[in-house]
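Residue-level listing of the chains:
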Amino acid sequence: MSFLEYAPAPESRSILHLKKSYGLFIDGEFRDGHGTPFTTISPADESPIAKISNADASDVDSAVSAARRAYDRVWSRMSGRDRGKYLFRIARLVQERTRELAVAESLDNGKPIKESRDVDVPLVAAWFFYYAGWADKLDHAGFGPSPHALGVAAQVIPWNFPLLMLAWKIAPALAAGNTVVLKPAETTPLSALIFAEILQQADLPAGVVNIVTGAGDTGSALVNHPDVDKVAFTGSTAVGRAIAKSTAGTAKKLTLELGGKAANIVFDDAPMDQAIEGIVNGIFFNQGHVCCAGSRLLVQENVHDEVIDRLKQRLTTLRMGDPLDKNTDIGAINSKAQLDRIRTLSDIGEQEGAERWTADCVIPAKGFWFAPTIFTNVETSHRIAREEIFGPVLSVLTFRTPAEAIAKANNTPYGLSAGIWSDKGSRILGVADRLRAGVVWANTFNRFDPASPFGGYKESGYGREGGRHGLGAYLQSGWNASAVVKSATAKKEVAR
Ligand code: NAD
C-alpha cells in the first residue's frame, strides 16, 4: 500500500439518458435495421449497455440513397456560409453535452474519463469549429477556383477514439459540401448514436449525415456501394488493403488512415523529466490503443539504464481501474479480442528473448485489463518491434549515433508518426528531416490540433486528415459546372 491512497471519485452516470436499444440513423430518423441486433458492453465489467441495430446491405442502400437525395436536393445547393452555421451549431451542442458524451465514451470504450472529458470531446468540438470556419472559404483554400464537393462519402472508423474519429471524418466532409454515411466500430457505437441525436437537435437537414451500425459486413457493403463517391477509412492495415483492392478501378476517391509502429527517440541530452512524461503519454495514453502511439522507444545507449529506471518508477504511480473514476490513468482494454492479441504478442516477445517488466497493478476481477508493460533487450527483428500491438506495451531498443537512430526508426513497414527528444534544435530538425513519418513531434508526443494535417507513409496509409489538407480529401479541384451536372444525370440514368 502506498502512502497516498486516493478515495474513489466516480463520475456520475446520471447525466446519461441511455435507451434500451438504438436504431440506425437514416434520413434524419432512427429506424430498426434488418440484421440481427447486437449488444454493446462495457469492457470494464462486461455489463451490457444497450442493444444496437445491425445494418444489412438493404439498410446501407437506404442510407446511401438518403445521402444522395440530401446531396442533390439540399446540401450541394446550400451556400458555404449556411453549411458553416450548421457546423458551428453542432460544435456548440457537443460542448454543451460534453459530460454526457464523455461518460458514454468511457463506458463504451473503457478509456479513462479524464481522457474522454479533457481530450477526446474537446477535440471533437474543436474539429467542428475549425471546419465550420472553412465552409465559406473554399475558394481561397488553394484548390483552384470554385472547388466542388465529391458527393456522398462512405466513412468507416475504428473503436479507439470513436467520437473523435467521427469528427475527423464528418466535419471536413460537410464543410466541403459532401453528405455522409458513417459506420462506427461494432464495439463502440454509443457515442455516434448520441451524436445522431445532436444532429437532430441541430436541425441538420435529413439525410446529410446517416449513421449505420454493424460489423465488417456492414462496412464492406458501405464502401463497396456503387453510389458512393468517396471512401474514407481508418482502421487496420489488413482491412485498408482489402478496401484499396475493392475500390481500385472505380471512380471512388480513397483515403486510408491505418496502423503504425512509431519510434520515440530519446537522445542523451533530452530534458529528462519531460521525456519520461512524453514516453508515458506516448504509449500508455488510451491504453496504447493509438495508431500513432510511441510503441518503440529508441533510447541512446548511455542513458538507457537511467531512462528505464525512471520509467519503471513512474509507471508504478499510474492507477489502473474504473474508467469512470476521475483518478484513473489506465482504463480497460476495449474488447476480449484485443486483449487476446496483446497477450499473444507479449508472450511472443518473451519467447523471442526480450525481457518483460510489468507494473504492479491490481487487476479487476471482471472486464478486460492489461497492466502497463515494458520490454527491454528488444531486437529489431522481434515481432514486438515490428508489429502493432495496439496496447499498453512498450518495446525498448537502443542506439549510439543519430544515424543509427534514424535507420532503426525507419526500419518498419509503417510510417505514421515519430517523436524526438533532445535539447538541440538543430539535431531535432536534422533527424526529423530524415524520418519517414507523417507526423514528427519534438519534445512532446500525441499532440493534436485540427489545423494540423495527420496521416502516414507506407503501410500507414495515404491521404491527410486535419487542416487544409483534410479539406482537399473531400473536394474535386478545377470544378466545371457542366461536368458535374452531366455526372449527376449519368448517375440517375444508371439508377433507372
Ligand atoms: P479494423 O480494421 O478491424 O476495423 C476498423 C473498422 O472497419 C471497424 O468499423 C470495422 O467494423 C470495419 N471493417 C472491418 N472489416 C471491414 C471490411 N471488410 N470492409 C469495411 N469495413 C470493415 O481495425 P480496428 O481493430 O477496429 O482498429 C484498430 C486499427 O486501426 C489499428 O491498426 C490502428 O492503428 C488503426 N487506426 C489508425 C488510425 C489512423 O489515423 N491512422 C487511427 C485509429 C486507429
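Residues numbered from 1 in each chain as written. Predicted model: local features only at pLDDT ≥ 70, side-chain atom pairs only at ≥ 80, totals over all residues.

## Concerning the overall build of the protein
Logical step 1: When you go through the protein residue by residue, the secondary structure sums to 16 helices and 20 strands.
Logical step 2: Taken over C-alpha atoms, the radius of gyration comes to 23 Å for the protein, in line with the 23 Å a tight globule of 496 residues would show.
Logical step 3: Overall, the C-alpha framework of the protein stretches about 70 × 50 × 35 Å when taken along its three principal axes.
Logical step 4: Here the analysis covers contacts within the protein between residues at least 6 apart in sequence; of these, 72% occur between residues at least 24 apart. (Helix = DSSP H or I, 4+ residues; strand = E, 2+ residues; numbered from the N terminus. Rg over C-alpha atoms; globule rule 2.2 N^0.38 Å. Contact = placed C-beta atoms within 7 Å.)

## Topic: the site of the ligand
Logical step 1: As a matter of local geometry, the ligand sits amid 29 residues, with Gly 216, Gly 219, Gly 235, Glu 257 and Cys 291 nearest to it.
Logical step 2: Of all the elements in the fold, those that place two or more residues in the shell around the ligand are helix 7 (216-223) and helix 8 (237-247).
Logical step 3: Residue contributions to the shell around the ligand peak at 4 residues, all from helix 7.
Logical step 4: Its residues assigned to classes, the shell around the ligand shows 14 nonpolar, 11 polar and 4 charged. (Near = placed C-beta within 6 Å. Nonpolar A, V, L, I, M, F, W, Y, C, P; charged D, E, K, R; others polar.)

## Notes on the nonpolar core
Logical step 1: Within the largest apolar cluster, 90 residues are counted, with the highest numbers of intra-cluster contacts made by Leu 87, Phe 128, Tyr 131, Ala 167, Ala 175 and Val 181.
Logical step 2: Residues contacting Phe 128, with those up to four places away along its chain left out, are Leu 87, Ile 90, Ala 91, Val 94, Ala 167 and Ala 171.
Logical step 3: The next biggest cluster of nonpolar side chains, apart from the first, holds 60 residues, and it includes Val 290, Leu 298, Phe 399 and Trp 441. (Core = buried A, V, L, I, M, F, W, Y, C linked by C-beta atoms within 7 Å. Buried ≥ 20, exposed ≤ 12 C-beta atoms within 10 Å, placed from the backbone.)

## Considering the sheet that holds strand 16 (residues 393-399)
Logical step 1: Strand order in the open sheet formed by 7 strands is 14-15-16-13-12-17-18, with mixed pairing between adjacent strands. Every other strand in the sheet has two partners, leaving strand 14 (355-358) and strand 18 (439-442) as the edge strands with one partner each. The average angle at which neighbouring strand axes cross in this sheet is 20°, direction not considered.
Logical step 2: In this sheet, strand 15 (residues 373-376) lies alongside strand 14 in antiparallel orientation, the contact comprising 4 bridges. Bridge pairing links Glu 355 to Thr 376 in strand 15.
Logical step 3: Packing against the sheet, helix 9 (residues 272-284) makes contact with strand 12 (263-266), strand 13 (296-300), strand 16 and strand 17 (417-421), and its axis sits at approximately 165° to strand 17. (Pairing = 2+ DSSP bridges. Axes fitted to C-alpha atoms, helices over the stretch in contact; angles between N-to-C directions.)

## Considering the sheet that holds strand 4 (residues 38-41)
Logical step 1: Spatial ordering of the open sheet is given by 1-5-4, a layout of 3 strands whose pairing is mixed. The open sheet has two edge strands, strand 1 (21-22) and strand 4, and neither has a second partner.
Logical step 2: Looking at chain direction, strand 4 and strand 5 (residues 48-52) are connected through 4 bridges and run antiparallel. The partner of Ile 41 across the bridge, within strand 5, is Pro 48.

## Details of the packing of helix 4 (residues 113-134) against helix 5 (residues 162-175)
Logical step 1: Contact pair helix 4 / helix 5: the axes reach a minimum separation of 9 Å and the direction vectors enclose 5°. Classified by the interaxial angle, the pair formed by helix 4 and helix 5 is roughly parallel. Counted together, Asp 120, Val 121, Leu 123, Val 124, Trp 127, Phe 128, Tyr 131, Ala 132 and Trp 134 of helix 4 and Leu 163, Leu 164, Ala 167, Trp 168, Ala 171, Pro 172 and Ala 175 of helix 5 form the full contact between these two elements.
Logical step 2: For the contact of helix 4 with helix 5, the class distribution of residues is 15 nonpolar, no polar and 1 charged. (Parallel < 35°, antiparallel > 145°, perpendicular 65-115°, else oblique.)

## With respect to the pairing of strand 7 (residues 152-156)
Logical step 1: Counting buried positions along strand 7 gives 5 out of 5 residues, so the element sits mostly inside the fold.
Logical step 2: Alternating positions in strand 7 separate into two faces, Val 152, Ala 154 and Val 156 on one and Ala 153 and Gln 155 on the other, with burial throughout.
Logical step 3: The pairing of strand 7 with strand 8 (residues 179-183) spans 5 bridges and is parallel. The residue of strand 8 that forms the bridge with Val 152 is Thr 179.

## Considerations on the environment of Phe 375
Logical step 1: Tracing the backbone shows Phe 375 in strand 15.
Logical step 2: By the C-beta count within 10 Å, which is 25 here, Phe 375 ends up buried.
Logical step 3: Taking the C-alpha atoms as reference, Phe 375 lies 11 Å from Glu 352; in sequence the two are 23 residues apart.
Logical step 4: If sequence neighbours within four positions are ignored, Phe 375 has contacts with Gly 349, Ala 354, Glu 355, Arg 356, Ile 384, Val 393, Leu 394, Ser 395 and Val 396.

## Quick look at unusual backbone geometry
Logical step 1: Phi is positive for Ser 146, close to 45°, though the residue is something other than glycine.
Logical step 2: On the secondary structure map, Ser 146 appears in the loop between helix 4 and strand 6 (148-149).
Logical step 3: Its identity is not glycine, yet Asn 443 carries a phi of approximately 55°, on the positive side.
Logical step 4: For Asn 443, the position within the fold is in the loop between strand 18 and strand 19 (461-462).

## Focus: the environment of Lys 19
Logical step 1: In this fold, Lys 19 is placed in the segment before strand 1.
Logical step 2: Lys 19 sits 32 residues away from Lys 51 along the chain, and the two C-alpha atoms are 8.6 Å apart.

## Things to note about helix 10 (residues 304-315)
Logical step 1: Here helix 10 spans 16 Å end to end across 12 residues, near enough to the 16 Å set by a 1.5 Å rise per residue.
Logical step 2: Residues of helix 10 that are buried: Val 307, Leu 311 and Leu 315. What you see down the axis of helix 10 is that its buried residues fit within an arc of 60°, all on one side. When the buried face of helix 10 is taken as reference, the exposed residues oriented beyond 90 degrees from it are Asp 305, Asp 309 and Gln 313.
Logical step 3: Residues of helix 10 that are buried make contact with strand 12, helix 9, strand 13 and strand 15. (Expected span 1.5 Å × (residues − 1). Arc of directions from axis to C-beta.)

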